[in-house]
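# Structural overview for review
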Amino acid sequence: MRVLVTGASGFVGGAVATALADRGDAVVGLGRRPGGWSHPGGRYVRRDLLAPVDDLGAFDAVVHAAALADDWAPLPEAMRVNRDGAVAIGRALPGARLVHISTASVYDARHPTVLGHEGAPLPTRFLSAYSASKAAAERALAGRAAAILRPHAVYGPGDTTLLPRVLEARRGPLLPLPGGGRALHTLTRIDTLVAATLRALDAPGDIGVVNVGDAPALPLADVLQRVLAARGEPARILPLPVGAAMALATAAERRARRTGTRPRLTRYAVSQLGMERTLDLTRMRERLGLEPRPVDLAGAADW
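Now for a quick tour of the structure. (Residues numbered from 1 in each chain as written. Predicted model: local features only at pLDDT ≥ 70, side-chain atom pairs only at ≥ 80, totals over all residues. Heavy atoms only, no water.)

## Re the packing of helix H1 (residues 11-22) against helix H5 (residues 190-202)
The criterion, for reference: Simply put, an axis is a line fit to the C-alpha atoms, just over the touching stretch for a helix, and the angle between two N-to-C directions goes from 0 to 180 degrees. Each helix is a run of DSSP H or I of at least 4 residues and each strand a run of E of at least 2, with the numbering of both proceeding from the N terminus. Roughly parallel covers angles under 35 degrees, roughly antiparallel covers those over 145, roughly perpendicular covers 65 to 115, and oblique covers all other angles. With the far helix as reference, a near helix turned anticlockwise by less than a right angle produces a left-handed crossing, and one turned clockwise produces a right-handed crossing. Any two residues whose heavy atoms approach within 4.5 Å at even a single point are treated as in contact. Only Asp, Glu, Lys and Arg are considered charged in this grouping, and only Ala, Val, Leu, Ile, Met, Phe, Trp, Tyr, Cys and Pro are considered nonpolar; every other residue, Gly among them, is considered polar.
The contact between H1 and H5 brings their axes to 10 Å, and the two run at 55°. Judged by the inter-axis angle, H1 sits oblique to H5. Along this stretch, H1 crosses H5, giving a crossing that reads as right-handed. Where H1 abuts H5, its residues Phe 11, Val 12, Ala 15, Val 16, Ala 19 and Leu 20 lie against Ile 190, Leu 193, Val 194, Thr 197, Leu 198 and Leu 201. A per-class count over the contact of H1 with H5 returns 11 nonpolar, one polar and no charged.

Below, the structure is given as structure tokens:
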């Protein structure tokens, strides 16, 4: 199978492209960074999502993993990359099976997500441009994508998002967390997301929207402490009341808008860390034939 993978220079796209090339598919990876992905069985092309791709040949399938994963990005730029980029790829390859990597951040961030179900209507108000633009991409791809996958808090070897942000939030030996990190989270190891993507590519017919994650859900603080301890960087959790953290984030965002700077804390970050974010994984079992695996922190010392 000839597959185009967007976002191949990133954490998720690179892992998917490598898995496809490893199994013998002919892979072309698109990315923004020079030399962002390499494999003996694949080819990497540096290109903007909105640029033409017809010179790359025909494809049987496309995995759209490219995204601007920045909760403080300007909304027009987030929409250009996340919504318009998805639409452009879908239109450029009308005959290819399209698997779109979305995010559980499309669920309403203003309230806890408790066993979030794919059938719930998307919200109309969002706490970040990232969530708003990813939800807009899902709406735009409805009826075009064979599968839309929603992972949450993707972790594992090569992580460029979750762990770096945790390390940045540390204050010496302390790790401030809204709610003390006691809220339950459905985490998604990169291997789980890759397996779900390959199943969605290979399955007959349309799969629809599917949550992707590991089980059971765990308190975020427990996971983060185990990862940091494995890296030799243990931290003590500093609990912050969610309400107080949200007030601080609101003030920080207002200040950032006045000064044109980036806030150290956002309402989106507080909502994602301090509130429950658990997913119903029934569709993953039934539509992809994947049983959720326990959270796996093996190798965390080298992440």
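## As for helix H3 (residues 129-141)
Defined as follows: Residue count minus one, scaled by 1.5 Å, sets the expected span of a helix. For each residue, the accessible area found with a 1.4 Å probe, counting protein chains only, is set against the maximum for its type, and the residue is called buried under 20%, exposed over 50%, and partly exposed in between.
Between its terminal C-alpha atoms H3 stretches 18 Å, which fits the 18 Å expected from 13 residues at 1.5 Å a residue. For H3, a buried count of 11 out of 13 residues is recorded, marking the element as mostly surrounded by other parts of the structure. Three or more residues of H3 are buried, namely Ala 129, Tyr 130, Ser 131, Ala 132, Ser 133, Lys 134, Ala 135, Ala 136, Ala 137, Glu 138 and Leu 141. Immediately downstream of H3, the backbone of Gly 143 shows phi near 90°, a positive value.

## Let's talk about empty space enclosed by the protein
Worth spelling out the cut-off: Only protein atoms enter the 1 Å grid used here, on which a cavity is any set of points holding a 1.4 Å probe that cannot leave and a pocket is any open set flanked by protein within 12 Å on both sides along at least five of seven lines; residues with an atom within 4 Å of a point are listed as lining. Grid points are joined across faces, edges and corners, and a volume is the space filled by probe spheres set on the points.
Applying the stated criterion to the full structure yields two cavities of 30 Å³ or more. Each pocket or cavity is described by its volume, and for the largest cavity that value is around 70 Å³. Taken together, Tyr 155, Asp 159, Leu 162, Leu 163, Val 223, Leu 224, Val 227, Leu 297 and Trp 303 make up the full set of residues lining the largest cavity. Listed by contribution, the elements that provide at least two residues to the lining of the largest cavity are helix H4 (162-169) and helix H6 (220-230). Considering every element that reaches the lining of the largest cavity, the biggest residue donor is H6, with three residues. Residue classes in the lining of the largest cavity are distributed as eight nonpolar, no polar and one charged. Considered as a void within the structure, the second largest cavity measures approximately 50 Å³ in volume.

## What about the sheet that holds strand E12 (residues 208-212)?
Spelled out, the test is: Only strands joined by at least two bridges in the DSSP assignment are considered to pair.
Pairing is parallel in the open sheet, where seven strands are placed in the order E3-E2-E1-E4-E5-E7-E12. Where the open sheet ends on each side, the last strands, each with one partner, are strand E3 (42-46) and E12. Taken over all neighbouring pairs, the strand axes of this sheet differ in orientation by 20° on average, direction set aside. Bridging between strand E1 (residues 2-6) and strand E4 (residues 61-64) involves four bridges; their strand directions are parallel. Pairing of Val 5 across the sheet is with Val 63, part of E4. Where H3 meets the sheet, it contacts strand E5 (97-101) and strand E7 (147-151), and its direction lies at approximately 160° from that of E5. The strands touched by H5 are E4, E5, E7 and E12; relative to E5, the strand with the most contacts, the crossing angle is about 160°.

## Here we look at the nonpolar core
The condition that has to hold: Joining through side-chain atoms within 4.5 Å is the link that ties buried Ala, Val, Leu, Ile, Met, Phe, Trp, Tyr and Cys residues into a set, and such a set is a nonpolar core.
Ranked by size, the top nonpolar core spans 35 residues in total, and within it Val 12, Leu 20, Val 63, Leu 149 and Leu 288 carry the most contacts. Among the secondary structure elements, those contributing two or more residues to this core are E1, H1, E4, E5, E7, H5, E12 and helix H9 (282-288). If we ignore the near neighbours within four places in the chain, the residues touching Val 63 are Val 3, Leu 4, Val 5, Thr 6, Val 16, Leu 20, Val 99, Ile 101, Thr 197 and Leu 201.

## Some details on unusual backbone geometry
In this structure, Pro 216 follows Ala 215 across a cis peptide bond, with omega equal to 5°. For Pro 216, the position within the fold is in the loop between E12 and strand E13 (218-219). You will see that Leu 115, though not glycine, has its phi angle at about 50°, which is positive. Summarising the element assignment, Leu 115 is placed in strand E6 (residues 113-116). In this structure, Ala 153 takes a positive phi of about 50° despite not being glycine. Note on placement: Ala 153 falls in the loop between E7 and strand E8 (154-155).

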